[in-house]
Amino acid sequence: MEKNVEMNIPQSVAIIMDGNGRWATKRGLPRTMGHKEGAKTLEKLIGDAGRLGIKYLTVYAFSTENWKRSEDEVSALMQLFRFYRANLLKLAVANGVKLRFIGDRTRFPEDIIKSVNELEAATKDNSNMEFIVAANYGSRDEIRRAAMKYAEDIKSGKVCNEDLTEDGFADYLDTKGVPDPDLLIRTSGELRLSNYLLWQIAYSEIVVTDVLWPDFNIDELKKCIEIYNGRSRRFGGV
Ligand code: IPE
Ligand code: IPE
Ligand code: MG
């Protein structure tokens, strides 16, 4: 795919990958089939997004609230990750992609924590694109954990509370070093944030598409970017 010269490609894009369940239900399939199809969508998008020129792609894979789903659905999602981790590594290596996971990984089974650590370590020097997966991620939990880390640093005398700036606090978040999303995309039509990147999206442009996540692809991504290109970002100025 050619890099599209007339499009202004946002540097940092975040996606709420929603609609897997509806995609499956519409076809009379179990919800887990929607997740499987959704994983394939994501697999294709990693290389495509990098070639398009996106530098940071942050996707919502599993929220702190998603544990409320049935045990079957949750364990199917874990199995899916186990199945895809080798592919993910291959893709990351082939495309020069650095992998990073945000969210509280400590709640996952041991083998998954180990894989997540290994995927990060194996790709840490790649620099074409950073692909950030939000897993057991919730914005409020992230901010709570950041506040706790900050309090510890005050206690140990490492920092002094009068010095705290917004950028300084952002460094305590899981997304440390990741530029705030220019564009936030949500698939399948829902007009809410579902506890995603609340601090980071303060000035992101939001595009919601009715396309269900398993049907999303590079052309749909380009459509979202075209909409983004039509926006006027003012950041509170005039
Ligand atoms: C998004 O699809 C994937 C996850 C939250 C893991 P959903 O499973 O939420 O799909 P819908 O919203 O029920 O259609
Ligand atoms: C948000 O989708 C979480 C992910 C995409 C991983 P949900 O489907 O969980 O969000 P709600 O429940 O519709 O708000
Ligand atoms: Mg959903």
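Everything below is about the structure printed above this text.
Residues numbered from 1 in each chain as written. Chains lettered and ligands numbered in written order. Predicted model: local features only at pLDDT ≥ 70, side-chain atom pairs only at ≥ 80, totals over all residues. Heavy atoms only, no water.

Enquirer: How do you make sense of the sheet that holds strand 2 (residues 56–63) when you look at a structure like this?
Expert: Strand pairing in a sheet is mediated by backbone hydrogen bonds. Such pairs are either parallel or antiparallel. Strand order across the open sheet formed by 6 strands is 3-4-2-1-5-6, with parallel pairing between neighbours. The sheet is open, and its two borders are formed by strand 3 (97–102) and strand 6 (205–208), each paired with just one other strand. The mean inter-strand angle of the sheet, taken between neighbouring strand axes irrespective of direction, is 20 degrees. Bridge count for strand 2 against strand 4 (residues 129–137) is 7 bridges, and the pairing is parallel. When the bridges of strand 4 are listed, Ser-63 appears paired with Tyr-137. On the sheet, helix 2 (residues 31–52) packs against strand 1 (12–16), strand 2, strand 3 and strand 4 and is oriented at approximately 145 degrees with respect to strand 4. (Pairing = 2+ DSSP bridges. Helix = DSSP H or I, 4+ residues; strand = E, 2+ residues; numbered from the N terminus. Axes fitted to C-alpha atoms, helices over the stretch in contact; angles between N-to-C directions. Contact = heavy atoms within 4.5 Å.)

Enquirer: Sorry, what's going on with the site of ligand 1 here?
Expert: Taken together, Met-17, Asp-18, Gly-19, Asn-20, Gly-21, Arg-22, Arg-31, His-35, Ala-61, Asn-66, Arg-69 and Leu-77 make up the full set of residues adjacent to ligand 1. At 3.1 Å, a backbone N or O of Asn-20 approaches an oxygen atom of ligand 1. Backbone polar atom of Arg-22 to an oxygen atom of ligand 1: 2.7 Å apart, as the coordinates give it. Contact with the protein chains hides 87% of the accessible area of ligand 1, taken as 380 Å² for the molecule alone. A total of 3 residues in the shell around ligand 1 trace back to one element, the largest contributor, which is helix 1 (residues 20–26). (Near = heavy atom within 4 Å. Polar contact = N/O pair within 3.5 Å; in protein donor to acceptor, adjacent residues only side chain to side chain. Areas by Shrake-Rupley, 256 points an atom, 1.4 Å probe, with all protein chains shown as cover.)

Enquirer: What am I meant to see in unusual backbone geometry here?
Expert: Phi is mostly negative for residues that are not glycine, and the peptide bonds are mostly trans. A positive phi is found at Ser-188, a non-glycine position, where the angle reads about 65 degrees. Within the fold, Ser-188 resides in the loop between strand 5 (183–186) and strand 6. For Ser-194, which is not glycine, the phi dihedral falls at a positive 45 degrees. Along the chain, Ser-194 falls in the loop between strand 5 and strand 6. Judged by its relative accessible area of 29%, Ser-194 falls in the partly exposed class. (Buried < 20%, exposed > 50% of the residue type's maximum accessible area, 1.4 Å probe, protein only.)

Everything listed here is a matter of coordinates, which is why it stays silent on function.
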